[in-house]
Amino acid sequence: MPELPEVESVRRQLAPELRGRRVVSVWWDPYPRTRLSDLHLLEGRRLEDVHRRGKYLLCPLSPPDGRTDLELVLHLGMTGSFRLVPLPAPDAHEEPGSGADDEPGPDRADEDAADGADPDAPTHVRASLVLDDDRVLLFRDPRRFGRMSVVPAGEYRGRIPTLAQLGPEPLSDAFEVGRFAAALAATSAPVKAKLLDQRLVAGVGNIYADEALWRARIHPASRRVGRRRAAALHRAIREVLTAAIEREGTTFRDYQMVNGQSGRYVDLLDAYGQGDLPCRRCGTAMRRTVIAQRGTTYCPLCQRP
DNA sequence: CACGCCTCCTGTGCGC
DNA sequence: TGCGCACAGGAGGCGT
């Protein structure tokens, strides 16, 4: 999925477009096990801003009285993306009178782009918010791993467990090397599993975990990371995430920005997706394995246990 | 509690 | 060309 750099890039595109916009109406996926909840609460409210914590986007909502007490929480899962499109002109073919109550979601059977349907029309739309500037925010998510929910502002416990326990932002002062080293020392799980866990540090996923471990020369399965290596990893995480944000993230397969463009960090990947290719540092063939149920690529020479 | 495995989904790319 | 299978950037839930 989109990790911190991808989510931050999406945030930077969305924030100026959504800030101050009022939500006129909302449609969302009627799928039984949908991970979209309480979106009806959006209607009539203003999106005050778009913030980010880890891989989550947070939009404070203004009620009519001006107090902010609800928040829209967005997570892109593995395949989520947003689009802003013009509000379609009222369709002449539409049955008069009916059809008003539930906006026919643009999600039809995905295969039948038959009869006249625009082949470029967005597919897999799971939610759409009509905004007061006659544009529509579409949330697309083929695999349905993404989440959208409206919650009382800041109250994540019991609703969004990972967000409730989220670790420090890696690019902020809250990400302290001493605490990071201590947390790594206090665990017996493979270091990569701890990076993916989100409690030690927020926003690192499979791509940037592999990248940071390669840069810090730490074997992803290592269960013992001392202070020295912890400090190297701390620095590597910051460097990798900063460089990826500068290039608007990595598009390996699904990730797209709001304008449909790809992230350009893919060209700079040193580890992720480099299986069997020569290590960019020492030339040894990169090796692929599975750690924490995730595909993992590392250099067997540079990154020894 | 910490850890590790399984699951939720759909699409794609590969090998046969 | 067609089919089946493995795999995909995340997180939640459950068993040990």
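Conventions used here
Residues numbered from 1 in each chain as written. Chains lettered and ligands numbered in written order. Predicted model: local features only at pLDDT ≥ 70, side-chain atom pairs only at ≥ 80, totals over all residues. Heavy atoms only, no water. Phe/Tyr/Trp six-rings, centres within 6.5 Å; stacked < 30°, edge-to-face > 60°. Helix = DSSP H or I, 4+ residues; strand = E, 2+ residues; numbered from the N terminus. Buried < 20%, exposed > 50% of the residue type's maximum accessible area, 1.4 Å probe, protein only. Lys NZ or Arg CZ within 6 Å of the ring centre and 35° of its normal. Expected span 1.5 Å × (residues − 1). Arc of directions from axis to C-beta. Contact = heavy atoms within 4.5 Å. Pairing = 2+ DSSP bridges. Axes fitted to C-alpha atoms, helices over the stretch in contact; angles between N-to-C directions.

Caption draft 1: Representation of the packing of aromatic side chains. Taken as a whole and assessed by the stated rule, the structure comprises four aromatic pairs. Arranged with centres 5.1 Å apart and planes meeting at 40 degrees, the rings of Phe82 and Phe139 form a pair that is tilted. Here Phe82 is found in strand β7 (residues 81-86), whereas its partner Phe139 is found in strand β9 (residues 135-140), with 57 residues between them in sequence. Take Phe82 and Phe139: they sit in the same class, and that class is buried. A cation sits over an aromatic face here: Arg144 above Tyr31, 4.0 Å from the ring centre. One cation-aromatic arrangement involves Arg281 over Trp214; the distance from NZ or CZ to the ring centre is 3.8 Å.

Caption draft 2: Quick peek at helix α6 (residues 227-246). Spanning 20 residues, α6 covers 29 Å between terminal C-alpha atoms, matching the ideal 28 Å at 1.5 Å per step. Within α6 the residues assigned to the buried category are Ala230, Leu233, His234, Ala236, Ile237, Val240, Leu241, Ala244 and Ile245. Relative to the axis of α6, the buried residues are bounded by an arc of 170 degrees and lie together on one face. Seen from the buried face of α6, the exposed residues on the opposite side, beyond 90 degrees, are Arg228, Arg235 and Glu246. Of the surrounding elements, those touching the buried residues of α6 are α1 (4-18), α3 (177-185), α4 (191-196) and α5 (206-216). Of the residues one or two after α6, Glu248 is the one with positive phi, at around 60 degrees.

Caption draft 3: Structural detail: the environment of Arg281. Tracing the chain through its elements places Arg281 in the loop between α6 and β11 (287-291). Through-space distance from the C-alpha of Arg281 to that of Leu301 is 9.9 Å; in sequence the pair is 20 residues apart. Discounting chain neighbours no more than four positions away, the residues touching Arg281 are Trp214, Arg215, Arg217 and Cys302.

Caption draft 4: Representation of the sheet that holds strand β1 (residues 23-28) within the structure. Strands sit in the order β1-β8-β9-β7 across an open sheet of four strands; the sheet is antiparallel. Two strands bound the open sheet, and with one partner strand each, they are β1 and β7. Here the strands of the sheet are splayed against their neighbours by 20 degrees on average, with no regard to which way each runs.

Caption draft 5: Inspection of α5 at higher detail. Where burial is concerned, most of α5 is hidden: ten out of the eleven residues are buried. Among the residues of α5, those classed as buried are Asn206, Ile207, Tyr208, Ala209, Asp210, Glu211, Ala212, Leu213, Trp214 and Ala216. Summarising the contacts, the buried residues of α5 are in contact with α1, α4, α6 and β12 (294-298). One or two positions beyond α5, positive phi appears at Arg217, with a value near 60 degrees.

Keep in mind these numbers describe shape, not what the thing actually does.
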